[in-house]
Structure formats: structure tokens, C-alpha cells
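# Understanding the architecture of this molecule
Given next are the chains, with one letter for each unit.
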Amino acid sequence: MRFLPNITVALAFAMAAPIAPAAAEPLPPGFVSLFDGRTLAGWRGDPRVWSVRDGAISATTDKALSHNTYLIHDSRFRNFEIRLKYRFLKEAGNSGLQFRSGLMEGDFVLGGLQANITPLPTENCGRPRCGPERFGMLYDELSRQELVMLGEQSTITRRQMTTGGFGQIVRTVSGTTNPPADILKAVHMAPEWNEVVVIAFEGRIVHAINNMVLFDAHDNDPLAPTEGLIGLQAHADGAVDFQFKDIAIKPLDSFPDISGRFVYKLQTLAEPRASYRDVQLSDGKLHVPAP
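Rules used in this analysis
- Residues numbered from 1 in each chain as written.
- Predicted model: local features only at pLDDT ≥ 70, side-chain atom pairs only at ≥ 80, totals over all residues.
- Heavy atoms only, no water.
- Helix = DSSP H or I, 4+ residues; strand = E, 2+ residues; numbered from the N terminus.
- Buried < 20%, exposed > 50% of the residue type's maximum accessible area, 1.4 Å probe, protein only.
- Contact = heavy atoms within 4.5 Å.
- Pairing = 2+ DSSP bridges.
- Salt bridge = Lys/Arg side-chain N within 4 Å of Asp/Glu carboxyl O.
- Polar contact = N/O pair within 3.5 Å; in protein donor to acceptor, adjacent residues only side chain to side chain.

### Considering the environment of Ile-230
Residue placement: Ile-230 occurs in strand β16 (residues 228-234). What makes Ile-230 buried here is its relative accessible area of 1%. Each C-alpha atom of the pair Ile-230 and Arg-76 lies 6.9 Å from the other, and the pair is 154 residues apart in sequence. Contact partners of Ile-230, with chain neighbours within four places excluded, come to Trp-43, Leu-71, Ile-72, His-73, Ser-75, Phe-77, Phe-80, Ile-82, Leu-97, Gln-98, Phe-99 and Ile-249.

### Section: the sheet that holds strand β10 (residues 145-148)
Strand order in this open sheet of seven strands is β2-β5-β16-β7-β8-β9-β10, and the pairing throughout is antiparallel. The open sheet has two edge strands, β2 (43-44) and β10, and neither has a second partner. Sheet topology places β2 next to strand β5 (residues 69-77); two bridges connect them, and they run antiparallel. For Trp-43, the partnering residue across the bridge sits in β5 and is His-73.

### Notes on the pattern of salt bridges
Scanning all chains against the criterion turns up 16 salt bridges. Here Arg-76 and Glu-227 are joined by a salt bridge, their closest N and O atoms 3.0 Å apart. Of this pair, Arg-76 sits in strand β5 while Glu-227 sits in the loop between β15 (212-219) and β16, placing them 151 residues apart in sequence. Sharing partners across several salt bridges, the network here consists of Asp-140, Arg-144, Arg-158, Asp-219 and Asp-221.

### Focus: the side chain of Asp-219
If you trace the backbone, Asp-219 turns up in strand β15. Here Arg-144 takes part through its side chain, which lies 2.9 Å from a polar atom of the side chain of Asp-219. A polar side-chain atom of Asp-219 sits 3.4 Å from the main-chain amide nitrogen of Asp-221.

Pasting the structure below:
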């Protein structure tokens, strides 16, 4: 009985101690971690938005941001495979994995390619232009805008305009990677975690979520970014509350064999669909069909 007080103190201490976050999964061969699970070492961003909570990078605000802002990694990458897990803590928000991007003047602002990351689309998603076709799309922030939509296998090119300028962006859909409805069924609702993989080698970019290929892009635009910074977006649509963890990257010297790794039910279209955007127009409209 003389040991009982010590046991009581030990139990009280154990109950009061914070629960440590789960250990990160072992890294696959060739991958290096971009997040240590405890600090934002190697990253820079607005400390009013970004922090580490429960072993995850967290973006949290109590009101809408006045502008998009990013958490930016210090290193630059060209060809790579990146893996991460994300979750939204409420069924609203808008984020993205920025890559091959450049730092602009402003409050941690990036321009460049983005694999879109959002909650599952709903009729009242609380943000503009949020249909299911935009879920997981390839987007060019501050430049070419929508490039490849959900479930598409597409090629991006640029062609001359008679008036000169920056020309026209032409996006040609040649097939589908998976039915969009099947992709959306594989997505976990908040607050569950989802796993993202983005593979970028030269002009080819593949985005997968929970082992389902969202798009397969061939970015043949001669002005497309080919290397740059990695970042995580906090969009200005509304208050945000989401997290990222297990962020790891592997530099590539060739496009990896993805057969059997992901669900990829390629269906080739009998007639490719083309659309175009005049880059210098401010209306942001996508014109169909290409003349």
C-alpha cells in the first residue's frame, strides 16, 4: 500500500500530459520529408494563418482573408513526385498544392501551377466557380487559369493570334482517366484524411487522390513553368481550417511506371474536344470550340 501515492501521482501526470501525435509513416525509397511534424522549419508564410497543430501543418482563420496567401517551402524543384495528406476540418474551404511556382511581391504570394485541393463540391460550397469538374483540377495561378479538369486526359498548347500578344491557350481533351463520379466517391469527407500524389516530369503531370487518377496532363505550352517553388495555398474565399501532413518529395530523372499503382480507367475519346482562352482577355472565359 505504501506505493499507492506514487501510482496516483503517475496516473494524474499521465492523464494531464498531452497526447503525442502519431508517428509519421516510414518514407519510401528516394523520398525526403519536407515537414518535420513539429515546426515550420524550411517553410515561410503568414504566422497569423499557418502553424503546426497536432503534428500537422494547419491553416486557420476566423474570418475570410483579404487575399490568397501561401506557405512556401525554401527549396526549388523541377521533376518530382510529391506525396502528402490533407483534411478539411469543416465542409468549406479552398486550398491547393502549388508547384513550379515563382514568388511575387506581396504577402507570400505565388504564381504558377497548382493541383487544386478542396472539400467535396456541393451546391452551396461557399465559393465561386466550385462545380465538381473543378475538384482536383490543374490550375495556373495568376496566369493561364483552368488547364485540365477532373477526370481529363488533356494536352495544353499555345498558338499565335493575328493580333499578337500572348497568344491563345488551347486545351485539347483526348480521353478520361476515371469517371468523375467514381473519383468523388473515393474522397473522404471532413474531418478524415485524404492522400494526394502529384507526379511532374517535364511536360507530363499526373494528379491522384486516394489512388484514383484525377487528371493526366501534357503541358506543351512553350511558356509553361518548368521548375520552381512548392507551396500550400490558403484561399481568400472564406474562413479556413484545414491541415497537411506526411509531406515528402522524390526528385525524378524519368517518369515513373504508374501502371498498377493507381486506378486509371483510360477511355479515349473518338473525337478530341478543344477549347481555347485568349490570354490577354480579362474576362477569363473559356471559348468552345476552338476555331
